[in-house]
Amino acid sequence: MKNTDSIYFDNAATTKPSEAAIASFFKTAACFGNPSSEHFLGREAAAMMETAREQIASAIDADSSEIVFTSGGTEANNLAIQGVCEANRGANEIIISAAEHPSVYRICRILKKRGYRISKINCGLDGSFDERALKNAVTDRTILVSFMTVNNETGTVFPISEITKIVKTINPQTLVHTDAVQAFGKTDISVRKSGIDLMTISAHKIHGLKGAGALYIKKGTPVYPLQFGGGQENGLRSGTEALPAICAFGTAAEHAIQNIRFSYKQVKTVRQIILTGLNEFENVAVNSAPDNFPYILNFSVREKNADEILRAFSNRGICISKGAACKANHTHGPSMLMSFGIDTALADNALRLSFCKDNTPEEAKRFLDAAETIL
């Protein structure tokens, strides 16, 4: 099938780079200077990078000095959690939601082996969480609380501002981090209003290029670097920055914010058409809550193999996924869906649709036509 005829419903895994982001990439690649160099090419490269930093900071209501560039969301999550732990050796307690991305829960699993106490807070598909458990878990030895903003498998939205307020009321010294990779550029985010200390974002989820991400670090937040060298990114992330990918990231962020209302409305329409259609199938269980983040829709088909369904859609030129791409080919421990209380059989057989502004109602209808045969 021609690429122009295909349907791409796997945008939570990665998005198609926009023409503007690609143009920015090539424009910046022509300026090959190292941003740390003092000559005119280096200064030109540094100026381009600072423009991108300002674009990204503006998108989350931060100061540009609070943005540290990384290779992506995974590195940013690791820097946030390990960096905070290294900088706060006097305490050893971390709290996370039970539905975190592998780049959060796996590093916490390693930290547990090193003597850290890790508490997991149960959550609901509607974004509710065990408030009593959170309050009981926060002590004077709690270093960090990490809750993702939008779950990457179900589209569940967590109330980060509320969580931050609860934590800071009990222990103002406890830092709050959120993995906002799936939310960034798709819904309004203000780090100032939410009160959080650290936030992870990524380029390739918003039509930028792979290889660029960022960690927002509130001024004054103690974070220790994980890698050492030339002292780039204010000493927090040594290594020559990937300038073309970073500048494409800045462009993508700016365009995402400019189109945020249109994109949200478009995606919501597409998701609703598919959700209504899937609810007509007696053998389909929708795992996402009806009013979850519209960019993601998770479902299972009873007594049908998810791998076979995925291949059947792929053979018809329709790209969907079996859960998150970051764990699709790896052993990943307890299912994230099971942490939401979803039945084991359904959780193990779940499929995910994820949308972007380029998806159309016509594509949604074509998907449902294919589903009539496949499901």
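Residues numbered from 1 in each chain as written. Predicted model: local features only at pLDDT ≥ 70, side-chain atom pairs only at ≥ 80, totals over all residues. Heavy atoms only, no water.

A. Representation of unusual backbone geometry within the structure. Phi is positive for Glu233, close to 55°, though the residue is something other than glycine. Tracing the backbone through its elements, the reader meets Glu233 in the loop between β8 (213-217) and α8 (243-258). Here Glu233 falls in the buried class, since its relative accessible area comes to 6%. Notably, Asn234 is not glycine yet its phi reads approximately 55°, a positive angle. Residue position: Asn234 is located in the loop between β8 and α8. Classification of Asn234 as exposed rests on a relative accessible area of 67%. (Helix = DSSP H or I, 4+ residues; strand = E, 2+ residues; numbered from the N terminus. Buried < 20%, exposed > 50% of the residue type's maximum accessible area, 1.4 Å probe, protein only.)

B. Structural view of the nonpolar core. Counting 92 residues, the largest nonpolar core has Leu134, Phe249, Ile274, Phe313, Phe367 and Leu375 as its most contacted members. For Leu375, the residues in contact, after removing those within four places along its chain, are Leu278, Phe281, Asn283, Val284, Phe299, Val301, Lys304, Ile309 and Phe313. In this structure, Ala80, Ile81, Val104 and Ile107 belong to the second largest nonpolar core, which totals 25 residues. (Core = buried A, V, L, I, M, F, W, Y, C linked by side-chain atoms within 4.5 Å. Contact = heavy atoms within 4.5 Å.)

C. Quick look at the environment of Ala30. Note on placement: Ala30 falls in helix α1 (residues 19-30). Put simply, Ala30 and Pro244 are 214 residues apart on the chain and 8.9 Å apart in space, counted from C-alpha to C-alpha.

From the geometry alone we can't say anything about function, so treat these as descriptive.
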